[in-house]
Amino acid sequence: MKKIIIFILLPFAILACNTNSSLVKAYRYTEQIQENSDKALIGVESIDIIDRKEGLIQINIFCLNPNPIAGFQFNLEPKGFIDKEFEVFSGRAGSKGFTLNGKNGKVLGFSMTGALIPKSQNSNLSENILISIKGKLSEDMPKEIILDQLVLASPKAKKMSSESLPFILEKSEKITK
C-alpha cells in the first residue's frame, strides 16, 4: 500500500461558535482517492480545532462504502492522544439512528433496529462522513492518525473488505491541551 501524504490545505482561521470565541483551524484530507468497487475506504476527512486553550478537537471520519454497513469498530491510533472519554456523534451513522460509543480510543457503531448505512452515492469525502468525534487532546496533536483494527460488518454479519487510509499532518502546528 502506497503511503498517502496529507498536506495542510486550509491554514485559515474562522470564528468558532463557542463561549470563549476561540479560533478554529481545519486540517483536511487532500490526497486523491482511487475508488475501489470491492472494498470500503475509511479515514479521517478533517480535524477541526474547536478550542485551542482547552485542547478540544473534532475529528470527522469518512467512509466510501460500495455496500451497506450494519456496524463498525476501530481504534484511534496513536493510543492516548485523545482523552479516554470522548463523544461520537452525527454523520451517516447518526442519521440512521446507530448507537455510537467511544472510550479508551475504541469507536463502536451499530443499530439495535437493523438500520443500515447505505452505500456511498459518490466519492466526495465531505458528503460521506460516517461519524464525528469530539474530545480533548491528552497530549500534543500526533503527526499521523490511523484507524486501526478496523471491522466493518455487512447486513449478514460478515466482515467486509475495507482499508483504513492514514491521515498525516505535514508541518503541523503544535497544538497542546
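Relevant structure appears above.
Please read these numbers as outputs of a predicted model, since none were measured by experiment.

Draft legend 1. Fine view of the sheet that holds strand β10 (residues 144–153). Ordered in space as β7-β8-β5-β10-β12, the five strands form an open sheet in which the pairing is antiparallel. Edge positions in the sheet fall to β7 (99–103) and β12 (167–168), since each of these pairs with one other strand and no more. Relative to strand β8 (residues 106–110), β7 runs antiparallel, the two sharing five bridges. Considered in β8, the bridge of Lys 103 is made with Lys 106.

Draft legend 2. Seen up close, the pairing of β10. Taken together, the six bridges between strand β5 (residues 71–77) and β10 define a ladder with antiparallel strand orientation. Bridge pairing links Asn 75 to Asp 148 in β10. Sheet topology places β10 next to β12; two bridges connect them, and they run antiparallel. What sits directly across from Glu 144, in β12, is Ile 168.

Draft legend 3. Local environment of the nonpolar core. Ranked by internal contacts, the top residues of the largest apolar core, which has 43 residues, are Phe 72, Phe 74, Ile 131 and Ile 133. Mapped by element, the contributors of at least two residues to this core are β3 (40–51), β4 (56–64), β5, β9 (129–136) and β10. Dropping the residues within four chain positions of it, Ile 131 is found in contact with Ile 59, Asn 60, Ile 61, Phe 72, Phe 74, Val 88, Phe 89, Ser 90, Gly 91, Ala 93, Leu 100 and Val 107.

Draft legend 4. Summary view of the packing of aromatic side chains. Within this structure, the stated rule accounts for two aromatic pairs. Ring geometry for Phe 72 against Phe 74: centres 6.5 Å apart, planes inclined by 20 degrees, an arrangement best described as stacked. For the pair Phe 72 and Phe 74, a shared accessibility class is recorded, and that class is buried. Measuring from ring centre to ring centre gives 6.4 Å for Phe 72 and Phe 98, while their planes differ by 15 degrees; the resulting arrangement is stacked. Of the two residues, Phe 72 is situated in strand β5 and Phe 98 in the loop between α1 (91–95) and β7; the sequence distance between them amounts to 26 residues. An identical accessibility class is assigned to Phe 72 and Phe 98; each is buried. Taken together, Phe 72, Phe 74 and Phe 98 form an aromatic cluster joined through their ring pairs.

Draft legend 5. Quick peek at the side chain of Ser 120. Mapping Ser 120 onto the fold places it in the loop between β8 and β9. Once residues lying within four places of it in the same chain are set aside, the contact partners of Ser 120 are Cys 63, Leu 64, Asn 65, Arg 92 and Asn 128.

Draft legend 6. Here's a closer look at the environment of Gly 105. In this fold, Gly 105 is placed in the loop between β7 and β8. Along the backbone, Gly 105 and Asn 75 are 30 residues apart, and their C-alpha atoms lie at a distance of 5.4 Å. Setting aside its immediate chain neighbours within four residues, Gly 105 contacts Phe 74, Asn 75, Leu 76 and Phe 86.

Draft legend 7. Structural context of the side chain of Arg 92. Topologically, Arg 92 is positioned in helix α1. Despite its burial, Arg 92 pairs with no opposite charge; the closest candidate is Glu 127, at 9.5 Å N-O. Polar side-chain contacts of Arg 92 include one of 2.8 Å to the backbone oxygen of Cys 63. For Arg 92, the side chain forms a polar contact with the side chain of Asn 65, separated by 2.5 Å. For Arg 92, the contacting residues outside a window of four places in its chain are Cys 63, Asn 65, Ile 117, Pro 118, Lys 119, Ser 120, Glu 127, Asn 128, Ile 129 and Leu 130.

Draft legend 8. Structural context of unusual backbone geometry. In this model, Glu 77 is joined to Pro 78 through a cis peptide bond whose omega is 10 degrees. Residue position: Pro 78 is located in the loop between β5 and β6 (87–89). A positive phi is found at Ser 90, a non-glycine position, where the angle reads about 65 degrees. The topology assignment puts Ser 90 in the loop between β6 and α1. The phi angle at Ala 157 is positive, at roughly 60 degrees, despite the residue not being glycine.

So, how was this worked out
- Residues numbered from 1 in each chain as written.
- Predicted model: local features only at pLDDT ≥ 70, side-chain atom pairs only at ≥ 80, totals over all residues.
- Heavy atoms only, no water.
- Pairing = 2+ DSSP bridges.
- Helix = DSSP H or I, 4+ residues; strand = E, 2+ residues; numbered from the N terminus.
- Core = buried A, V, L, I, M, F, W, Y, C linked by side-chain atoms within 4.5 Å.
- Buried < 20%, exposed > 50% of the residue type's maximum accessible area, 1.4 Å probe, protein only.
- Contact = heavy atoms within 4.5 Å.
- Phe/Tyr/Trp six-rings, centres within 6.5 Å; stacked < 30°, edge-to-face > 60°.
- Lys, Arg positive; Asp, Glu negative; His and termini not counted.
- Salt bridge = Lys/Arg side-chain N within 4 Å of Asp/Glu carboxyl O.
- Polar contact = N/O pair within 3.5 Å; in protein donor to acceptor, adjacent residues only side chain to side chain.

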